[in-house]
Amino acid sequence: MARALCAGFVPIRKPGKLPWKTVSQDYQLEYGTDQLQVHEDAVRPGQTVLIVDDVLATGGTSSAAVELIRKLGGVVLGVHVLIELSFLDGRQRLPGVDVVSEVTY
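First, a word on what this report is: a plain description of the structure on this page.

What counts, and where the lines are drawn
- All residue numbers here refer to positions counted from 1 along the written sequence of the relevant chain.
- Selection of residues for local features in this predicted model requires a pLDDT of at least 70, selection of side-chain atom pairs for listing and counting requires 80 or more, and totals for whole chains, interfaces and linings are taken over all residues.
- The side-chain figures draw on all heavy atoms in the structure; neither hydrogens nor water molecules are used.
- Secondary structure follows DSSP: runs of H or I at least 4 residues long count as helices, runs of E at least 2 residues long count as strands, and numbering of each begins at the N terminus.
- When a carboxyl oxygen of Asp or Glu is within 4 Å of a side-chain nitrogen of Lys or Arg, the pair counts as a salt bridge.
- A 1.4 Å probe rolled over the protein chains alone gives each residue an accessible area, and that area as a share of the maximum for its type sets the label: buried under 20%, exposed over 50%, partly exposed in between.
- Nonpolar cores were defined as sets of buried Ala, Val, Leu, Ile, Met, Phe, Trp, Tyr and Cys residues, with membership established by side-chain atoms within 4.5 Å.
- Pairs of residues are marked as contacts when any of their non-hydrogen atoms sit within 4.5 Å.
- Within 6.5 Å between ring centres, the rings of Phe, Tyr and Trp (the latter by its six-membered ring) count as paired, and their orientation is classed by plane angle as stacked under 30 degrees, edge-to-face over 60, tilted in between.
- Whether a charge sits over a ring depends on NZ of Lys or CZ of Arg being within 6 Å of the ring centre and within 35 degrees of the ring normal.
- Any two strands with at least two DSSP bridges between them are considered paired.
- If you view a crossover with the strands going away from you and the path from the first strand over the helix to the second runs clockwise, you call it right-handed.
- For a helix, the expected span equals 1.5 Å multiplied by the residue count minus one.

### Brief notes about unusual backbone geometry
Trans is the common state for peptide bonds, and a negative phi is the common state for residues other than glycine.
Thought 1: A positive phi angle, close to 80°, is found at W20, a residue other than glycine.
Thought 2: Mapped onto the secondary structure, W20 falls in the segment before β1 (22-29).

### Things to note about the pattern of salt bridges
Charged atoms that come close allow side chains of opposite charge to pair.
Thought 1: Applying the stated criterion to the full structure yields three salt bridges.
Thought 2: Linking D34 and K14 is a salt bridge whose minimum nitrogen-to-oxygen distance equals 2.6 Å. Of this pair, D34 sits in strand β2 (residues 32-39) while K14 sits in the segment before β1, and the two are 20 residues apart along the sequence.
Thought 3: Judged by relative accessible area, K14 falls into the partly exposed class, the value being 35%.

### Here's the deal with the nonpolar core
Thought 1: Counting 20 residues, the largest nonpolar core has I51, V66, I69, V76, V79, L94 and V97 as its most contacted members.
Thought 2: Of all the secondary-structure elements, those providing two or more residues to this core are β1, β2, β3 (48-56), α1 (60-71) and β4 (75-84).
Thought 3: Looking at which element gives the most residues to this core, the answer is α1, with five residues.
Thought 4: What I69 contacts, discounting residues up to four positions off in sequence, is I12, V43, V49, I51, G74, V75 and V76.

### Description of the packing of aromatic side chains
Thought 1: Applying the stated rule across the entire model yields zero aromatic pairs.
Thought 2: Looking at K21, its charged tip hangs above the ring of W20, at a distance of 5.5 Å from the centre.

### As for the side chain of Q37
Thought 1: Here Q37 lies in strand β2.
Thought 2: Discounting chain neighbours no more than four positions away, the residues touching Q37 are P11, I12, R13, K14, P15, G16, L18, T22, V23, S24 and L68.

### Considering the pairing of β3
Thought 1: Where β3 lies against β4, eight bridges are found, and the strand directions are parallel. By the bridge assignment for β4, L50 is matched with G78.
Thought 2: Considered for its hand, the β-α-β crossover made up of β3, α1 and β4 is right-handed.

### Let's talk about α1
Thought 1: Here α1 contains 12 residues, and its C-alpha end-to-end distance of 16 Å stays within 8% of the 16 Å for a straight helix at 1.5 Å per residue.
Thought 2: By the burial criterion, the buried members of α1 are G60, S62, S63, A64, A65, V66, L68 and I69.
Thought 3: Along its buried surface, α1 packs onto β1, β2, β3 and β4.
Thought 4: G73 lies just past α1 and shows a positive phi near 90°.

### What about the environment of H39?
Thought 1: With respect to the helices and strands, H39 occurs in strand β2.
Thought 2: Separated by 21 residues in the primary sequence, H39 and L18 place their C-alpha atoms 7.4 Å from one another.
Thought 3: Residues in contact with H39, not counting those within four places in the same chain, are L18, P19, W20, K21, T22 and L72.

See the structure below:
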């Protein structure tokens, strides 16, 4: 049986940037905390999601995005970033998640 592949964009933003009802995830920064939000109906249970970001540094933003997708019942396929700052060990905050980076420093 063929499985349909759908592409879409699920915006994950800082608090107060999205209209409608949202789900939130707090995460640790080096000196404090921050939060990400996503629309509560952005992902259907069982839907596969690839998280794409520009930079993987300490892993806080990526791990929060993974948790948001999982809260909605989504399945995280992996995290794909353009640049990884490997000396900051961001992958350590993403256990069990496939991480692909185009450029590593």
